Amino acid sequence: DRERRKYTVSDLEESYLESRNDFYLYNNEEEFCAMITYYKNLIDQTILDFLDKIEITKKPVILTLEHYDYIKYNNVSKWERYKEENKDKSTYELLSIIKIMVKEVRCDSFENVVWKLLDIICIYGNWVIDNYGGNWSKIDKVYGLINVGPLKRPCNPCNDIIKMWKKELVISLEVLE
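Thresholds, definitions, all that
- Residues numbered from 1 in each chain as written.
- Predicted model: local features only at pLDDT ≥ 70, side-chain atom pairs only at ≥ 80, totals over all residues.
- Heavy atoms only, no water.
- Pairing = 2+ DSSP bridges.
- Helix = DSSP H or I, 4+ residues; strand = E, 2+ residues; numbered from the N terminus.
- Axes fitted to C-alpha atoms, helices over the stretch in contact; angles between N-to-C directions.
- Contact = heavy atoms within 4.5 Å.
- Expected span 1.5 Å × (residues − 1).
- Bend = angle between axes of the 7 residues up to and from the residue.
- Buried < 20%, exposed > 50% of the residue type's maximum accessible area, 1.4 Å probe, protein only.
- Disulfide = S-S within 2.5 Å.
- Phe/Tyr/Trp six-rings, centres within 6.5 Å; stacked < 30°, edge-to-face > 60°.
- Salt bridge = Lys/Arg side-chain N within 4 Å of Asp/Glu carboxyl O.
- pLDDT = per-residue confidence, 0-100.
- Core = buried A, V, L, I, M, F, W, Y, C linked by side-chain atoms within 4.5 Å.
- Parallel < 35°, antiparallel > 145°, perpendicular 65-115°, else oblique.
- Left-handed = near helix turned anticlockwise from the far one by under 90°.

**Observations concerning the sheet that holds strand E3 (residues 153-155)**
The strand order E1-E2-E3 describes an open sheet built from three strands, whose pairing is antiparallel. A strand with exactly one partner marks an edge of an open sheet, and here the two such strands are strand E1 (135-139) and E3. With strand direction ignored, the average angle separating the axes of adjacent strands in the sheet is 45 degrees. Bridge analysis of strand E2 (residues 142-148) against E3 gives two bridges, and the strand direction is antiparallel. The residue of E3 that forms the bridge with Val 148 is Arg 153. The sheet strands contacting helix H6 (residues 157-165) are E1, E2 and E3, and the helix crosses E2 at an angle near 110 degrees.

Right under this line is the structure:
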């Protein structure tokens, strides 16, 4: 049995790093705040530094002509297969699945997931076309969408998916309207 101990504010702030396998109790709001402050500082000092280092490993993503050719020649087949696999899903569910697909490869380097991201780009681009109109076209060496929505705007599915993969963008229906 573990001995239940009471800890003072100074115990929590100064000696909390010792490896203890027991639970920390608090008797009042001051002790509780000290315990929470310790955890906040620990997260700030260690975990966030670690996460920053992970983000540094994500180099700038540059798509090549080979990548754009892949999108050009495979976007319809990827979309057809995706629609067949998810034929019972609504528009919103289809977009949610696309988001999940991106999240599943988020921790990997671009080199390891480039072809999976290109497949997702094909699917997402055709999802936009099915829901907002438009068509695939080459624009200044980039393969993207033109004539999207009522304002006939261009849309770059490559940028959207890559930014989502890098956690710089959350795709929602409002962004597209």
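**Topic: helix H5 (residues 110-132)**
Compared with an ideal rise of 1.5 Å per residue, which puts 23 residues at 33 Å, H5 spans 29 Å between its outermost C-alpha atoms and falls more than 12% short. The principal kink in H5, of about 35 degrees, is found at Lys 116. Within H5, 17 of the 23 residues are buried, leaving the element largely enclosed by the surrounding structure.

**A look at the state of the cysteines**
Evaluated as defined, the whole model comprises zero disulfides. Of all cysteine sulfurs, the one in Cys 158 lies closest to Cys 122, which takes part in no disulfide; the gap is 8.2 Å.

**With respect to the packing of aromatic side chains**
Under the counting rule described, the total for this entry stands at five aromatic pairs. An angle of 65 degrees between the planes, with centres 5.2 Å apart, marks the rings of Tyr 70 and Trp 115 as edge-to-face. With Tyr 70 in helix H3 (residues 65-85) and Trp 115 in helix H5, the pair connects residues that are 45 residues apart, well separated along the chain. The partly exposed category is assigned to Trp 115, whose relative accessible area is 38%. Residues Trp 136 and Tyr 143 carry aromatic rings whose centres are separated by 5.4 Å and whose planes lie at 5 degrees to one another, so their mutual orientation is stacked. With respect to burial, Trp 136 and Tyr 143 carry one shared label: buried.

**Looking at the pattern of salt bridges**
Pairing is possible between side chains that carry opposite charge, provided their charged atoms lie close to one another. All chains considered together, the criterion is met by three salt bridges. Ionic pairing is found between Lys 78 and Asp 119, a salt bridge with its closest N-O pair at 3.5 Å. Here the residue Lys 78 occupies a position in helix H3, and Asp 119 occupies one in helix H5, the gap between them amounting to 41 residues. With relative accessibility at 16%, the residue Lys 78 sits in the buried group. Note that Lys 87 and Glu 84 form a salt bridge whose closest N and O atoms lie 2.9 Å from each other. Take Lys 87: its relative accessible area is 63%, and that puts it in the exposed class.

**Observations concerning the confidence of the model for the protein chain**
With 71% of its residues at a pLDDT of at least 70, the protein chain reaches an overall mean of 76. Across residues 173-177, confidence stays below pLDDT 50; counting only partners more than four residues off in sequence or on other chains, it has ten contacts.

**Quick word on the nonpolar core**
Ile 71, Ile 98, Leu 117, Trp 127, Ile 161 and Trp 165 are the most contacted members of the largest nonpolar core, which totals 37 residues. When contributions to this core are tallied by element, the ones reaching two or more residues are H3, helix H4 (91-104), H5, E2 and H6. Counting residues per element, this core draws most heavily on H5, at 14 residues. Apart from residues no more than four positions distant in its own chain, Leu 117 is found in contact with Val 105, Phe 110, Ile 161 and Trp 165.

**Section: the packing of H4 against H6**
Helices that pack against each other are described as a pair by the angle of their axes relative to one another and the distance between those axes. Direction vectors running N to C along H4 and H6 enclose 55 degrees, while the axes themselves pass 9 Å from each other. Considering the angle they form, H4 stands oblique to H6. As H4 packs across H6, the resulting crossing turns out to be right-handed. Facing H4, whose interface residues are Ile 98, Lys 99 and Val 102, H6 presents Ile 161, Met 164 and Trp 165.

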